[in-house]
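Chain residues, written in single-letter form:
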Amino acid sequence: MNLELKKLVDIYPELNRCSGDIKAAFDLIKKSYYTDGKLLVCGNGGSAADSEHIVGELMKGFNKKRPIPKKIRDKIRSLYNEDAKYLADNLQGALPAISLVSHSALITAFSNDIAADMIFAQQVFGYGREGDVLLGLSTSGNSTNIINAFKVAKTIGMKTIGMTGEDGGEMKDICDVTIKAPGILTPGIQESHLPIYHVLCSMLEEEFFEQ
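Residues numbered from 1 in each chain as written. Predicted model: local features only at pLDDT ≥ 70, side-chain atom pairs only at ≥ 80, totals over all residues. Heavy atoms only, no water.

A. Seen up close, the overall build of the protein chain. Counting its regular elements, the protein chain contains ten helices and five strands. Taken along the three principal axes of its C-alpha coordinates, the protein chain extends 55 × 50 × 30 Å. The burial tally for the protein chain puts 47% of its 211 residues in the buried class. Of the contacts made within the protein chain by residues no fewer than 6 positions apart, 70% connect residues no fewer than 24 positions apart. Within the protein chain, the 27 negative side-chain charges are centred at a point lying 7 Å from the centre of the 23 positive side-chain charges. (Helix = DSSP H or I, 4+ residues; strand = E, 2+ residues; numbered from the N terminus. Buried < 20%, exposed > 50% of the residue type's maximum accessible area, 1.4 Å probe, protein only. Contact = heavy atoms within 4.5 Å. Lys, Arg positive; Asp, Glu negative; His and termini not counted. Charge placed at Lys NZ, Arg CZ, Asp CG, Glu CD.)

In structure tokens:
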């Protein structure tokens, strides 16, 4: 078992039942990043906040500082001598991730003009490419706007990961991987989601960045 995953299970023994699916989700995202893919993330309510949180951990240093590659540092120096050190020292390695809950003008326009349950599906259609990954968080596993986004993602050749409660809902039959956190009530499920996505982010950082 991955060391970060073992730490998770040691602290939260009830999440051991999810460990295989967490590893499978990690493998999907890892493969996408190795082939220049990206991660799209969406959720509603508290899970929308979790979507933003996940992107924040991936797009900057989480447990590591992630200095940029020497090749990029040298290119910055060749272009911007006076500002080179500041620019290079204040950039960090990033794992490309987009939160689909963030674009309020687009979301409200599409919801008002077209269909509210397609706000994430439209963005998946616009941003997504074959080999990318869509991660959707829904405590019930039945959020229609996320289910529709998964359907579009599968259509264009993306991989899909659902984070749900222990029932799994519709997501368990649609997603390539479904991480079913223990619990049936929304607050408890969301409390389990946080350490799960933290360990995913930590595992990915360990994979792609040296200390």
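From this point, things continue past the structure.
B. How the structure looks around the side chain of Ser143. Tracing the backbone through its elements, the reader meets Ser143 in the loop between strand E3 (133-137) and helix H8 (144-155). With sequence-adjacent residues up to four places away left out, Ser143 is seen in contact with Asn44 and Ser138.

C. The arrangement of the pairing of strand E1 (residues 39-43) in detail. Among the five residues in E1, five count as buried, and that is most of the element. Burial along E1 is two-sided: the face carrying Leu39, Val41 and Gly43 and the face carrying Leu40 and Cys42 are both buried. With three bridges connecting them, E1 and strand E2 (residues 97-99) associate as parallel partners. Within E2, the residue paired with Val41 across the bridge is Ser99. For E1 and E3, the ladder comprises five bridges, and the chain directions are parallel. Its bridge partner being in E3, Cys42 is matched across the sheet by Gly136. (Pairing = 2+ DSSP bridges.)

D. Looking closely at the packing of helix H6 (residues 104-113) against helix H7 (residues 119-127). Two elements in contact, H6 and H7, have axes whose closest approach is 9 Å; the angle formed by their N-to-C orientations is 120°. Classified by the interaxial angle, the pair formed by H6 and H7 is oblique. Judged by the twist between their axes, the crossing of H6 over H7 is right-handed. Where H6 abuts H7, its residues Leu106, Ile107, Phe110 and Ser111 lie against Ile119, Gln122 and Gln123. In terms of residue class, the contact of H6 with H7 is built from four nonpolar, three polar and no charged. (Axes fitted to C-alpha atoms, helices over the stretch in contact; angles between N-to-C directions. Parallel < 35°, antiparallel > 145°, perpendicular 65-115°, else oblique. Left-handed = near helix turned anticlockwise from the far one by under 90°. Nonpolar A, V, L, I, M, F, W, Y, C, P; charged D, E, K, R; others polar.)

E. Local environment of the side chain of Asn148. Structurally, Asn148 is set in helix H8. Contact partners of Asn148, with chain neighbours within four places excluded, come to Asp117, Met118 and Ala121.

F. Main features of the pattern of salt bridges. Applying the stated criterion across every chain yields a total of 13 salt bridges. When the shortest N-O distance is used, the salt bridge between Arg73 and Asp89 registers 3.0 Å. Separated by 16 residues along the polypeptide, Arg73 in helix H4 (residues 70-79) and Asp89 in helix H5 (residues 84-89) bring together distant segments of the chain. For Arg73, a relative accessible area of 24% gives the class partly exposed. The class for Asp89 is partly exposed, based on a relative accessible area of 39%. (Salt bridge = Lys/Arg side-chain N within 4 Å of Asp/Glu carboxyl O.)

G. Quick look at the nonpolar core. In terms of nonpolar packing, the biggest core is built from 34 residues, with Ile22, Leu39, Ile54, Leu58, Ile161 and Ile179 touching the most fellow members. Within the residue set of this core, elements represented by two or more residues are helix H1 (3-11), helix H2 (19-34), E1, helix H3 (46-58), E3, strand E4 (159-164), strand E5 (177-180) and helix H10 (186-208). Element by element, the count of residues in this core is highest for H10, at eight residues. Ignoring any residue separated from it by four or fewer positions in sequence, one finds Ile179 in contact with Cys18, Asp21, Ile22, Ala25, Ile161, Gly162, Met163, Thr164, Ile196 and Leu200. With 21 residues, the next largest nonpolar core counts Ile107, Val124, Phe150 and Ile174 among its residues. (Core = buried A, V, L, I, M, F, W, Y, C linked by side-chain atoms within 4.5 Å.)

H. Quick peek at the pairing of E3. In terms of burial, E3 is largely enclosed, as five of its five residues are buried. Side chains Val133, Leu135 and Leu137 project from E3 onto one buried face, and the interleaved Leu134 and Gly136 project onto a second face that is buried too. Since E3 and E4 lie parallel, the crossover through H8 that links them has a hand, and here it is right-handed. (Right-handed = clockwise from strand over helix to strand, strands pointing away.)

Any functional reading would require information beyond the geometric quantities listed.
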